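One-letter residues, chain by chain:
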Amino acid sequence: MAVDLSQVAQVDTEPGELPATMAAWVIRSERLGEPKDAFQLEEVDVPEPAAFEVIVRVMAAGVNYNNVWAALGEPVSVMKYGDHPEFGHHIGGSDASGVVWKVGPGVTRWKVGDEVVVHCNQASYEDVEVHGLDPMAAPSQRIWGYETTWGSFAQFTKVQAQQLLPKPKALSWEEAASYGLVYFTAWRMLITRAKITAGSKVLIWGGAGGLGVFAIQICKAAGAECVAVVSSKEKGELCMQLGAKGYVDRRDFKDMVRTSPPQTGAEEKIRFKASKAFGKAVSDILGDAPDVVFEHVGQQTFPTSVLVVKPFGKVVICAGTTGYNLDFDVRYLWMKQKEIIGSHFANAYECTKANELIESGLVRPVLSQTLGFDGVAHAHQLMLENKHSGKIAILVGATEEGQGRTAEGPGAIHAEVGA
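Everything quoted here is computed from the prediction, not taken from an experiment.

Undergrad: An account of unusual backbone geometry is needed here, citing residue identities and associated values.
TA: Cis rather than trans, the peptide bond between Glu-74 and Pro-75 has omega equal to -10 degrees. Summarising the element assignment, Pro-75 is placed in the loop between α2 (66–72) and α3 (84–87). Notably, Gln-337 is not glycine yet its phi reads approximately 55 degrees, a positive angle. Position of Gln-337 among the secondary structure elements: in the loop between α10 (331–334) and β16 (339–342). Even without being a glycine, Asn-386 presents a positive backbone phi close to 55 degrees. Inspection of the secondary structure assignment puts Asn-386 in the loop between α12 (376–384) and β19 (392–395). A relative accessible area of 61% means that Asn-386 is categorised as exposed.

This is the structure:
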């Protein structure tokens with residue numbers, strides 16, 4: 001049955017009662033490929049909430065690169081994991097804002113009508129790690145909207161109750177849907193894993209990118225000083241607006257990039273010299289070498305990160321966008337007693353504490369573009385082709401931008417972002 005896009009913002013049932021079906025952007029195993037082909041609008045059954053689960057009416061959703069991978073089926077197909085084999089389809093979307101529509105048995109904290117944002121970490125309540133170590137260590141840990149079936153590119157989504165956070169009142173629906181995955185990831189990296197404090201000196205790769213714009217604001221809120229690495233003066237100025245002490249244009253140090261396949265000895269010498277010069281530029285701004293390097297670029301930058309971080313310093317990494325097979329001169333690690341720390345998303349407590357800074361206005365989302373519900377496949381295609389300008393939000397239940405604000409406040413910064 002064809003989906004009537006003009007009716008997506010309409011729901012025929014009252015809160016507490018679910019309709020039988022809903023409109024959703026669906027990926028299926030038989031059509032994996034470019035997002036423009038893999039994502040298709042379908043009418044699917046609305047799921048019922050099980051114990052400790054909640055059904056949220058999605059008002060807006062955020063777009064992340066993880067569902068470009070889901071569409072392509074790379075590096076592995078998500079259809080083999082999580083609850084996908086049970087349902088046979090994938091509804092993407094790992095960021096959302098919306099309204100609690102129905103609660104399952106055992107849910108006491110949330111009630112029908114509550115306005116919420118959703119964080120994307122799920123784990124089984126039966127895993128012992130959830131109750132004493134960290135939910136991120138649980139064997140069942142997975143990312144909602146990527147490793148699960150019921151993401152945010154639909155009229156309704158199914159989540160665990162612990163995924164819900166109060167929607168910041170000064171944000172519109174699309175602003176509230178734009179920040180969770182990248183912001184909460186940056187929070188755990190810097191606050192929990194690297195343990196920055198007032199006075200810490202931090203180097204942030206991709207300062208004007210989705211992770212970087214939040215890393216800068218977290219440093220500012222913590223009293224730390226940071227330098228942002230960017231690719232243009234305009235992006236550097238955005239980083240300064242967000243609170244960076246200064247920025248370095250990576251185009252001035254192009255030879256520091258670690259290329260693949262392995263470089264010759266002469267090429268290594270050129271790269272080392274450029275990395276040393278880059279490190280001096282960073283130290284000149286901070287007054288010393290960085291205590292922490294905020295890494296997510298991976299192969300191209302990691303050798304430089306290990307080199308320039310100060311003795312006993314930390315390189316914290318959450319991704320490898322230019323490649324995940326890393327090599328570096330390990331002498332600078334062991335002889336200077338530096339640390340490499342892995343980090344992956346965040347737990348519910350970390351998300352809650354980070355979200356309080358959004359509510360207070362000390363940290364602000366940075367949103368580039370908002371599209372209608374018909375733009376889901378197009379948005380992911382833009383990301384695949386690197387033609388997008390930054391963070392993209394999708395209107396679902398909201399009919400236009402700006403809806404959902406219930407209090408005065410600064411709201412989001414609307415700017416084009418990119419590393």
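Moving on from the model shown.
Undergrad: Explain the pairing of strand β11 (residues 201–204) residue by residue, including any values.
TA: Side chains Lys-201 and Leu-203 project from β11 onto one buried face, and the interleaved Val-202 and Ile-204 project onto a second face that is buried too. Two strands pair when backbone bridges link them, and β11 and strand β12 (residues 225–230) are joined in this way by 4 bridges, in the parallel orientation. The residue bridging Leu-203 from the neighbouring strand is Val-227, located in β12. In this region the chain leaves β11, passes through helix α6 (residues 212–222) and returns to the parallel neighbour β12; the handedness of that crossover is right-handed. In the sheet, β11 pairs with strand β14 (residues 292–295) via 3 bridges, with the strands oriented parallel. Its bridge partner lying in β14, Ile-204 is registered against Phe-294.

Undergrad: Tell me what's going on with the side chain of Ser-172, and back it up with residues and numbers.
TA: Inspection of the secondary structure puts Ser-172 in the loop between β10 (164–166) and α4 (173–176). Polar contacts involving the side chain of Ser-172 include one to the side chain of Glu-174, which spans 3.0 Å.

Undergrad: An account of the packing of aromatic side chains is needed here, citing residue identities and associated values.
TA: Tallied over the entire structure, the rule returns 15 aromatic pairs. Where Phe-272 meets Tyr-332, the ring centres are 6.1 Å apart and the plane angle is 35 degrees; that geometry is what we call tilted. One end of the pair, Phe-272, is in helix α8 (residues 265–286); the other, Tyr-332, is in helix α10, with 60 residues separating them in the sequence. An aromatic cluster is defined as three or more aromatic residues linked by ring pairs; in this entry it consists of Tyr-179, Tyr-183, Phe-184, Phe-214 and Phe-345.

Undergrad: So what about the sheet that holds strand β1 (residues 21–27)? Which residues, and what values?
TA: Read across the sheet, 3 strands follow the order β2-β1-β4 without closing on themselves; strand pairing throughout is antiparallel. What marks the edges here is a single partner per strand, and that holds for β2 (40–45) and β4 (90–91). Two elements, β1 and β4, share 2 bridges in a ladder whose sense is antiparallel. Within the sheet, the bridge partner assigned to Ile-27 lies in β4 and is His-90.

About the cut-offs
- Residues numbered from 1 in each chain as written.
- Predicted model: local features only at pLDDT ≥ 70, side-chain atom pairs only at ≥ 80, totals over all residues.
- Heavy atoms only, no water.
- Helix = DSSP H or I, 4+ residues; strand = E, 2+ residues; numbered from the N terminus.
- Buried < 20%, exposed > 50% of the residue type's maximum accessible area, 1.4 Å probe, protein only.
- Pairing = 2+ DSSP bridges.
- Right-handed = clockwise from strand over helix to strand, strands pointing away.
- Polar contact = N/O pair within 3.5 Å; in protein donor to acceptor, adjacent residues only side chain to side chain.
- Phe/Tyr/Trp six-rings, centres within 6.5 Å; stacked < 30°, edge-to-face > 60°.

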